[in-house]
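Here is what each chain is made of, one letter per residue.
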Amino acid sequence: MFRDFIRRLSQTFFWISKWVVAAAILGLLLIVAVVFLLRQDIDFDTFLNYFALGLLIFVVITLFYGIIAIHDVPYEIAKARNHPHQDAIHVAGWVSLFTLHVLWPFLWIWAMLYRPDRGWGIQHAATDATSVQPEQADRFEELLRRVEALEARSKGAEPRKRIEPIEKRVEALKSTATADPSAKRGPS
């Protein structure tokens, strides 16, 4: 029952629960140290040395954990927003962890850009066929009428004279150039 409560707490308050667990571990270490001080025959100076060493180790471990936990914030945001690039943001977060979080601000921006209700936020209005403005619909109808009129007019006109391909003209020019040697260009 308590484990389920902790699990629900960690899912609801992700960051708070992690730091509560860290504080509980520190409190437990402090209680163990005080019990050890009262039960053993050691002087206070030695106790303070051990306590300082334990506190230093705890701080280093907490900082290490904190840095690793912070790198995952953009992924948690992307997951909460159902971002289409969740996996890429997560992998880039790990890469950012090994590059001293250089990429991290960009990952934060990338994760924050997408929202489920409006997507990327680039569209200002719906762009489907049903959302055509009335003046656009009128203009479209006018253009359709003009095209139909042009097509009807072109059906009554006689067809244009077909132009022969350029290759035939080039061959004709070459044959006249070889047949008449005085037709060469340039000074003779």
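Every value quoted in this text rests on a predicted model; they were computed, and no experiment measured them. (Residues numbered from 1 in each chain as written. Predicted model: local features only at pLDDT ≥ 70, side-chain atom pairs only at ≥ 80, totals over all residues. Heavy atoms only, no water.)

Regarding its fold elements, the chain presents eight helices and zero strands. What you see in the chain, going N to C, is helices and strands ordered as α-α-α-α-α-α-α-α. Buried residues in the chain amount to 16% of all 188 residues. Within the chain, residue pairs in contact and separated by at least 24 positions form 53% of the contacts whose partners lie at least 6 positions apart. Accessible surface, the chain: about 16100 Å² in total, of which carbon and sulfur atoms supply 65%. (Helix = DSSP H or I, 4+ residues; strand = E, 2+ residues; numbered from the N terminus. Buried < 20%, exposed > 50% of the residue type's maximum accessible area, 1.4 Å probe, protein only. Contact = heavy atoms within 4.5 Å. Areas by Shrake-Rupley, 256 points an atom, 1.4 Å probe, with all protein chains shown as cover.)

What follows concerns the side chain of aspartate 72. Relative to the helices and strands, aspartate 72 resides in the loop between α3 (44-70) and α4 (73-80). Of the side chains with opposite charge, lysine 79 lies nearest to the buried aspartate 72, which makes no salt bridge, at 7.3 Å. A distance of 3.3 Å separates polar atoms of two side chains, one belonging to aspartate 72 and the other to histidine 90. (Lys, Arg positive; Asp, Glu negative; His and termini not counted. Salt bridge = Lys/Arg side-chain N within 4 Å of Asp/Glu carboxyl O. Polar contact = N/O pair within 3.5 Å; in protein donor to acceptor, adjacent residues only side chain to side chain.)

Segments scoring low in pLDDT should not have their predicted coordinates read at a detailed level. The predicted model of the chain has a mean per-residue pLDDT of 77, with 69% of residues at 70 or higher. Taking the mean pLDDT of every element in the chain, the minimum, 63, falls on helix α8 (residues 166-179) and the maximum, 92, on helix α6 (residues 104-113). (pLDDT = per-residue confidence, 0-100.)

For the structure on display, the rule yields three aromatic pairs. For the pair tryptophan 104 and tryptophan 108, a centre-to-centre distance of 5.3 Å together with 45 degrees between the ring planes defines the contact as tilted. One end of the pair is tryptophan 104 and the other is tryptophan 108, both in helix α6 and four residues apart, which spans about a single turn. (Phe/Tyr/Trp six-rings, centres within 6.5 Å; stacked < 30°, edge-to-face > 60°.)

Take a negative patch on the surface next. Among the surface-exposed residues, Glu135, Asp138, Glu141, Glu148 and Glu151 lie close enough to one another that they form a single negatively charged patch. Mapped onto the elements, glutamate 141 comes out in helix α7 (residues 134-156). (Patch = residues over 30% accessible without salt bridge, like charges linked within 9 Å, V, L, I, M, F, W, Y side chains within 5 Å. Charge placed at Lys NZ, Arg CZ, Asp CG, Glu CD.)

Our next topic: a nonpolar patch on the surface. The grouping of Val91, Val95, Leu100, Val102, Leu103, Phe106, Trp108, Ile109, Met112, Leu113, Trp120 and Ile122 at the surface amounts to a nonpolar patch, some 1200 Å² of accessible area in total. Among the elements that make up the nonpolar patch, the one with the highest residue count is α6 (five residues). Secondary-structure assignment places methionine 112 in helix α6.

Where α4 meets helix α5 (residues 86-98), the axes come as close as 8 Å, and the angle between the chain directions of the two elements is 170 degrees. On the basis of their axis angle, the class for α4 and α5 is roughly antiparallel. Of the residues in α5, those touching α4 at Pro74, Tyr75, Ala78 and Lys79 are Gln86, Ile89 and His90. Looking at the contact of α4 with α5 residue by residue, the classes come out as four nonpolar, two polar and one charged. (Axes fitted to C-alpha atoms, helices over the stretch in contact; angles between N-to-C directions. Parallel < 35°, antiparallel > 145°, perpendicular 65-115°, else oblique. Nonpolar A, V, L, I, M, F, W, Y, C, P; charged D, E, K, R; others polar.)

Attention now moves to the packing of α5 against α6. In contact at an axis separation of 9 Å, α5 and α6 are set at 165 degrees when each is read in the N-to-C sense. One element, α5, and the other, α6, form an angle in the roughly antiparallel class. As for the relative orientation of α5 and α6, their crossing is left-handed in sense. Between α5, through Ala88, Ile89, Ala92, Gly93 and Ser96, and α6, the contact on the second element is made entirely by Trp104, Leu107, Trp110 and Ala111. Looking at side-chain class alone, the contact of α5 with α6 contains seven nonpolar, two polar and no charged residues. (Left-handed = near helix turned anticlockwise from the far one by under 90°.)

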